[in-house]
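Read off the chains here:
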Amino acid sequence: MSLADQATHSSSGGSFLFESHPPIAIPENFDSDVQLMADTAFQFARNEVIPLIERLDEQEEGLMMSLVRKACDLGFGGPDSPEAYGGLGLPKSVATRILEMLSLNGSFSTTIGVHQGVGQMPIALFGTNDLKSRYLPPLTAGEYMGAYALSEEKSGSDALSGSAKAVCDGSDYVLSGKKMWISNAKWAGSFIVFAKVDGQEFTAFIVERDMPGVSISREEHKMGLKGSSTARLILDNVRVPAENVLYHPGQGHKVAFNTLNIGRCKLAAMAAGQVRSALSIGTKYAKERKQFGKPIASFGLIRDKIARSVSSFFAAESMLYRTANLIDRAFASVDPNGNEVEENRKAAEEFQIECSLVKVFATETLSYAVDEALQIHGGYGFTEEFPVGRLYRDARVMRIYEGTNEINRVFAFDRIVKRGLVEKLADASPTTVIHEFLIRGSRAAKDHLGEQEIVACASDLAMLHFASQSANVRAEQLKASGHANSEVALAAASHFEAVATTTAASRLIELLDRCGLSAKVEMPAVSFAGSATVSEAAFEANGYPL
Amino acid sequence: MKILVPIKRVPDPYARIRLNADSSAIDTTGLKFEINPFDEIAIEEAVRIKERSGSEVVVVSIGAAECEEQLRKALAIGADKAIHVETVEKFDSLGIAKVLKSVVQRESADLVIMGKQAIDDDANQAGQMLAALLDWPQATFASKVELTDSTATVTRETDTGQETLQMPIPCIITTDLRLNEPRYVALPGIIKARTKPLDKIELSDLGATAECNVEVLSMSQPAGRSSGRKVASVDELLEALRNEKGAAI
């Protein structure tokens, strides 16, 4: 069922930094049941969601809710929520694959992604059995949607600085404050709300929409995701029973951040689905559009855009399922006799570095893919007559929410240093040029944690190493198993390595210079030749060929 | 009532088909396989009958180990039991019909619903041959099916319009495209299918043998289609249709 049996050795968080070519879980090894589930998800997105996207963007009353109900009827309401509470109890990697295939359109993707993800996960991971039985069955059945309320007007990346308050009054808490950027606000029946008890103790609560004092503002006017709901949640002395506290009072940050760890992995899956859309729209248009007497798909610069998008996506997808499997294995090793909530917290936390890096990498791959898909359309891409403009606008927020890519970069390297991984990395023998750059860069950067420009360079080196290693190992595994796509996979991995090595060199040069060190970097020859095989395969497949 | 639905594993109808090096068969490297779409309509119809009136739906597939994938999908859609006649032998339509006859008798099936043809060889024969072998009435190309305990009323799509037949049960119905629209395979169904029975049997268990009197000499890709042209008016179109060789609506 899961990919859990594939990679037999156990890994701990961040071990990609120093392990050389470890076996990894790859999406090609999902069994036929998972394949069938992914097929259903893809068909649902293609046949039920895509034909409605214009009407969804106009916020036609009741349309999104009915679509989500339909999706919940098929089991998409809570694929990885516990079976005992209406979910399907599937491994995170399977839920991730399903979400990827459901995510061809950004608005629907965000809606269903928040509903089955951050809207439910805090309850599934940190809730008491009573809370699980009260909230998860209606959520998974799609009776109402779930939402997650962390940000405020003046508190974004600095999430713990929020001013929403909870005051203990007998057996209740009385909540007041304003939460902002709440996805699904319009349709949500339950909100995971973070507020400070007595202005001090950061705490997670489940707040019901119908509780007196809860109101929702008008919808925000967004540049994209117009079909999703984003509004403010206003809490005006809302009385919430003490049993609706998730985990412990004062421990809300653990609920918030560990949910976001897994949320980031899932966000990468949401980006992945949209990359698939960008690639299919881009390749199709390039084959139809003729200039100088031939399809523009025959021109080198158009082919290169497709090749770079595909190779980068191959790397993103490889990181994604490798990470999702690592998370599965962390959850699989949860001691059933131990403290379930504590064990869940540890499992969700273990691969926080990988989760942040795959979020950043996948969303930036998406940015590149939609930008170039639009460019392929020329002037037509700049109009609303073609679907690519929507894709471009919808993609933009992916680099902002679930932790901005800036905060994720800072966080990832900070964790690498605080977990003592730089020392382990220093002992590793370099396996590739990028790895060598990473070893050199992280050693220099570890004493400059206060300087974000340096930290971001180091994070990028770690990310490029993670991406490139994942792509290479996956391609080699496909080759070893005689997979039909192995030739294209090897080409994509080697093309990506060329792109990543040149990027890594420039990041290392900047890092060293900013650290006041000699920025001389020996740059080996790299080969971009794989791009021809990759773009050929993409045009043949009318989209992502792997 | 026990409904038997024979299903065939075929290449994904949306896949691009290539031939192998010596043009003796299609190249199956990396090719995705599906339940024959007409058979999926048959499964859907049988499952709807079951949901209305509580029948038992048994699916059967004859072929190599990989057919289990398609049988599992049929179980996920809602069939109760699957039978896999595992064999790597070749069959023609009559050969398949003979094996199916043994399965019908072994299962004491009351009704067989199957695709009118498989999209790989498009033979459109096995259903009719099975009816003859069993000496059961048949209604092919069904676009509507109504059942009572003893009769089946079937609307058929023919070249000259619709025809409605009534026949006693047991009988054989082959499905056309417009009979129904198969459902999405729901996730809980996929999970439930794992615990449903899937019997693996061999030809010898049925007292059957592999028969194939058809020999494939070679295969070729269909010739490319030359591009059309735009006409300026209806008159010009009619003129072209009347006088140009090979022109047709």
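Residues numbered from 1 in each chain as written. Chains lettered and ligands numbered in written order. Predicted model: local features only at pLDDT ≥ 70, side-chain atom pairs only at ≥ 80, totals over all residues. Heavy atoms only, no water.

**Thoughts on the environment of A:Glu476**
All names here are of chain A. Cut-off, in case you're wondering: Elements are defined by DSSP. Helices are runs of H or I of four residues or more, strands are runs of E of two residues or more, and each kind is numbered from the N terminus. A contact between two residues is defined here by any heavy atoms of the two lying within 4.5 Å. Nitrogen and oxygen atoms within 3.5 Å of one another constitute a polar contact, given that in protein one can donate a hydrogen and the other can accept it, and given that sequence-neighbouring residues count only through two side-chain atoms.
Note that glutamate 476 resides in helix α16 (residues 452-480). For the pair glutamate 476 and aspartate 169, spaced 307 residues apart in sequence, the C-alpha separation works out to 61 Å. Dropping the residues within four chain positions of it, glutamate 476 is found in contact with His21 and Leu490. In terms of polar contacts, glutamate 476 uses its side chain to reach the side chain of histidine 21, at 3.3 Å.

**Remarks on the domain arrangement of chain A**
Selection criterion: Domain start and end points were adopted from an automatic or database domain assignment.
Domain annotation for chain A reports domain 1 (146-252) and domain 2 (413-530). For domain 1 of chain A and domain 2 of chain A, the distance between their C-alpha centres works out to 39 Å.

**Examining the state of the cysteines**
Residue and element names in this part refer to chain A. Spelled out, the test is: Two cysteine sulfurs form what is called a disulfide whenever their separation falls within 2.5 Å. Under the scheme applied here, a residue whose accessible area is under 20% of the maximum for its type counts as buried, over 50% as exposed, and between as partly exposed, the area being computed with a 1.4 Å probe on protein chains only.
Under the defined criterion, the tally for this structure stands at 0 disulfides over all chains. The thiol of cysteine 265 is not disulfide-bonded; the next cysteine sulfur, from cysteine 355, is found 5.0 Å away. Classification of cysteine 265 by relative accessible area gives buried; the value is 2%. Considering cysteine sulfurs only, cysteine 457 is the nearest to cysteine 515, which forms no disulfide, with 8.4 Å between them. The class for cysteine 515 is buried, based on a relative accessible area of 14%.

**As for the sheet that holds strand β4 (residues 56-63) of chain B**
All names here are of chain B. Here is the rule we go by: By definition, two strands form a pair when at least two bridges between them are found by DSSP. Axes, fitted as lines to C-alpha atoms, cover a helix only where it is in contact. Angles between the N-to-C directions of the axes lie from 0 to 180 degrees.
With respect to topology, 9 strands assemble into an open sheet ordered β9-β8-β7-β10-β6-β1-β4-β5-β11, the strand pairing being mixed. The open sheet has two free edges, formed respectively by β9 (161-168) and β11 (198-201), since each of these has just one partner strand. In this sheet, adjacent strand axes meet at a mean angle of 35 degrees when their direction is disregarded.

**Considering the side chain of A:Thr365**
Residues and elements named next belong to chain A. Along the chain, threonine 365 turns up in helix α11 (residues 352-376). Among the polar contacts listed, one links the side chain of threonine 365 to the backbone oxygen of phenylalanine 361, at a separation of 2.9 Å. Apart from the residues within four sequence positions on either side, threonine 365 is in contact with Val275, Ser309, Ser312, Phe313 and Ala316.

**Re the side chain of A:Ser367**
For A:Ser367, the location among the structural elements is in helix α11. Reaching out from A:Ser367, the side chain makes a polar contact with the side chain of A:Arg399 at a distance of 3.1 Å.

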